[in-house]
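Each chain, written out:
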Number of protein chains: 2
Amino acid sequence: MNSNELFKNIQKKKSFLCIGLDSDVHKIPSHLQDSGDPVYEFNKGIISATHPYAVAYKPNIAFYESQGAKGWETLDKTLRFIRETDPELFVIADAKRGDIGNTSRMYAKTFFDQMDFDAVTVAPYMGRDSVQPFLEYPGKWIIVLALTSNIGADDFQFLREKGSGKRLFEIVLEKSAAWASPDQIMFVAGATRADMLADIRRYIPDHFLLVPGIGAQGGSLQEVCHYGINQKCGLLVNSSRGIIFADGSQNYALRAAEKAREIQEQMADVLDQNRLI
Amino acid sequence: MNSNELFKNIQKKKSFLCIGLDSDVHKIPSHLQDSGDPVYEFNKGIISATHPYAVAYKPNIAFYESQGAKGWETLDKTLRFIRETDPELFVIADAKRGDIGNTSRMYAKTFFDQMDFDAVTVAPYMGRDSVQPFLEYPGKWIIVLALTSNIGADDFQFLREKGSGKRLFEIVLEKSAAWASPDQIMFVAGATRADMLADIRRYIPDHFLLVPGIGAQGGSLQEVCHYGINQKCGLLVNSSRGIIFADGSQNYALRAAEKAREIQEQMADVLDQNRLI
């Protein structure tokens, strides 16, 4: 999928919502716990109910990996269920990978060849050759961590470079944007620092941003859009816990759909105000 | 395991060799390909033949993950085989993980609870709260990427901070060394930049370093020891491909043992010269 196709899907669904499948087996409703694969049953319910309001899903790999071999089967089945439900959905493996070339090649194979994800989140610390193998798959994306939504972002991401005065996250944006076209690279930019999105847009006016931190982490959708939207929308705004764990009862899927629709309606307004639909 | 116990094992085996199990299914000898689990058979051969010469093993998670659910079973069985072979071996999950707190908690659970690794490699970009959950397991370690052995290390790790003039990898060392005692944290420092180990030792004289890049990546053991050794040795020097793929025939395990013994003998000399044994 390229950025034009992604934008078309955003226009069609009037939504730039990404739903994070942080499907913690200990948090899913009790009535699902006796099924053969509780997390898969939970995900099916969530995806079936919410897909009209979302353009993307983002399974958080940690939650599957923590279940061992079985968790990887759940992940694989979940991805296939998303594809069957709507082949135009953009699916992100939130894996934060990055290693020397021969190792990253294996990670790329895992997510783009063994499984059919559209994108993988990657950490920038090891530099260009650590993400290059992911870019060898046409139509597939990397999503580079630039400015994250957690407290620890302050530890290194705001460090200022001698000479240029630029902050580390700005240098990451500037350098890594040159590694691929805006059809293969997007950036993580946390919603908990929405005003920073204006600084980020100075470096990458045209790229898509994956924005976590809406909902449970406290970020504001209005602010994110104010500072971050561009002529192709350029935003995938993620919500995980705020949608998938909105209700812990048998009604979980219905309630998740309500939450997703609430956000989608706000997004439709934003797209309309910005004359993007 | 704490740093004193690790040092005792180093003295006992006269070795600070870590063997990287980057067990690529496409590179293992053809006679193993017909077995039910070729990578596990390969690893068993390598571990059985090399364990007298090594104090640590480091499965590279990417190579297991790329085999899907089956790969995770292979990883789990390999770890258990290492424990049965010699319970004093230090076993590192080379995973380069790091994410927001609730996600890192899941990764910690995977490697320290579901499986019984001693240490996990982590990426520093997201800061303290992204590695904190790993430190909640007593006796378990994080190994923080500081200076890596690949070309891409130049992209961000050498960036100098305005004011202090320190390089990013130095700031990572300085800050993250305060997150835990030298009994729970070590650092990755690439052997391809051995002279940099002197700079690294200024920040962390007492910590263990995991040093990749010996062998296939071109680093020199002598230089690494010259600049990096401390009063408890303080080094785990890794070799992966140079040992495990030294021979592609039925003799692969024997040849791997020869290669490991060669390195161990050099290490024994170094330990002796430094009066550590």
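Rules of the game
- Residue positions are given per chain, counted from 1 along the sequence in the order it is written.
- Here the convention is simple: chains get letters from A, ligands get numbers from 1, in the order in which they are written.
- This being a predicted model, a pLDDT of at least 70 is required before a residue's local features are given, and a value of 80 or more before pairs of side-chain atoms are given or counted; all residues contribute to the totals for chains, interfaces and linings.
- Least-squares superposition of the copies uses the C-alpha atoms of those residues scoring a pLDDT of at least 70 in each of them.
- Once C-beta atoms have been placed from the backbone, residue pairs whose C-beta atoms lie within 7 Å are recorded as contacts.
- Paired strands, as defined in this entry, are two strands with at least two bridges between them according to DSSP.
- Starting at the N terminus, helices and strands are each numbered in turn, a helix being any DSSP run of H or I of at least four residues and a strand any DSSP run of E of at least two.
- Convention adopted: a line fitted to C-alpha atoms gives each axis, helices being fitted over their contacting stretch, and angles between N-to-C directions are expressed from 0 to 180 degrees.
- Field definition: a residue is buried when 20 or more other C-beta atoms are found within 10 Å of its C-beta, exposed when 12 or fewer are, and partly exposed for counts in between, with C-beta atoms placed from the backbone.
- Handedness is read with the strands pointing away from the viewer; a crossover is right-handed when the path from the first strand over the helix to the second is clockwise.
- Under the scheme applied here, ten amino acids are nonpolar (Ala, Val, Leu, Ile, Met, Phe, Trp, Tyr, Cys and Pro), four are charged (Asp, Glu, Lys and Arg), and all others, including Gly, are polar.

(A) Spatial organisation of the relation of the copies chain A and chain B. Each copy superposes on the other: chain A lies on chain B with an RMSD of 0.0 Å after a rotation of 180 degrees and an axial shift of 0.0 Å. What the superposition gives is, in effect, a two-fold axis relating one chain to the other. Same-surface contact between copies: 100% of interface residues of chain A are shared with the interface of chain B.

(B) Layout of the sheet that holds strand 2 (residues 56–59) of chain A. Residue and element names in this part refer to chain A. Taken together, eight strands build a closed barrel; the order of strands is 1-2-3-4-5-6-7-8 and the barrel is parallel. Ignoring strand direction, the axes of neighbouring strands in this sheet form an average angle of 30 degrees. Here strand 7 (residues 209–211) pairs with strand 8 (residues 235–239) via three bridges, running parallel. Paired with Leu209 across the bridge in strand 8 is Leu235.

(C) Local environment of the pairing of strand 4 (residues 119–122) of chain A. Residues and elements named next belong to chain A. Judged by which residues are buried, strand 4 turns out to be covered on both faces: Ala119 and Thr121 on one side and Val120 and Val122 on the other are all buried. Of the pairings in the sheet, the one linking strand 3 (residues 90–97) to strand 4 comprises three bridges and is parallel in character. The residue of strand 4 that forms the bridge with Ala93 is Val120. In this fold, the crossover linking strand 3 to strand 4 by way of helix 5 (residues 101–114) has right-handed handedness. Where strand 4 lies against strand 5 (residues 141–147), four bridges are found, and the strand directions are parallel. Bridge pairing links Ala119 to Trp141 in strand 5.

(D) Layout of the interface of chain A and chain B. The partner chain B presents 49 residues to the 49 residues of chain A that form the contact. Counting residues per element, the ones that place at least two in the side of chain A that touches chain B are helix 3 (61–65), helix 4 (68–85), strand 3, helix 5, helix 7 (153–156) and helix 8 (168–176) of chain A. Examining the composition of the side of chain A that touches chain B, we find that seven residues originate from one element, helix 5 of chain A, more than from any other. Looking at the side of chain A that touches chain B residue by residue, the class counts come to 19 nonpolar, 15 polar and 15 charged.

(E) View of the pairing of strand 8 of chain A. All names here are of chain A. Summarising burial for strand 8: five of the five residues are buried, a large majority. Side-chain alternation along strand 8 places Leu235, Val237 and Ser239 on one buried face and Leu236 and Asn238 on a second face that is also buried. Pairing of strand 1 (residues 17–21) with strand 8 involves three bridges; the strand directions are parallel. Each residue of the ladder has a partner; that of Leu17, found in strand 8, is Val237.

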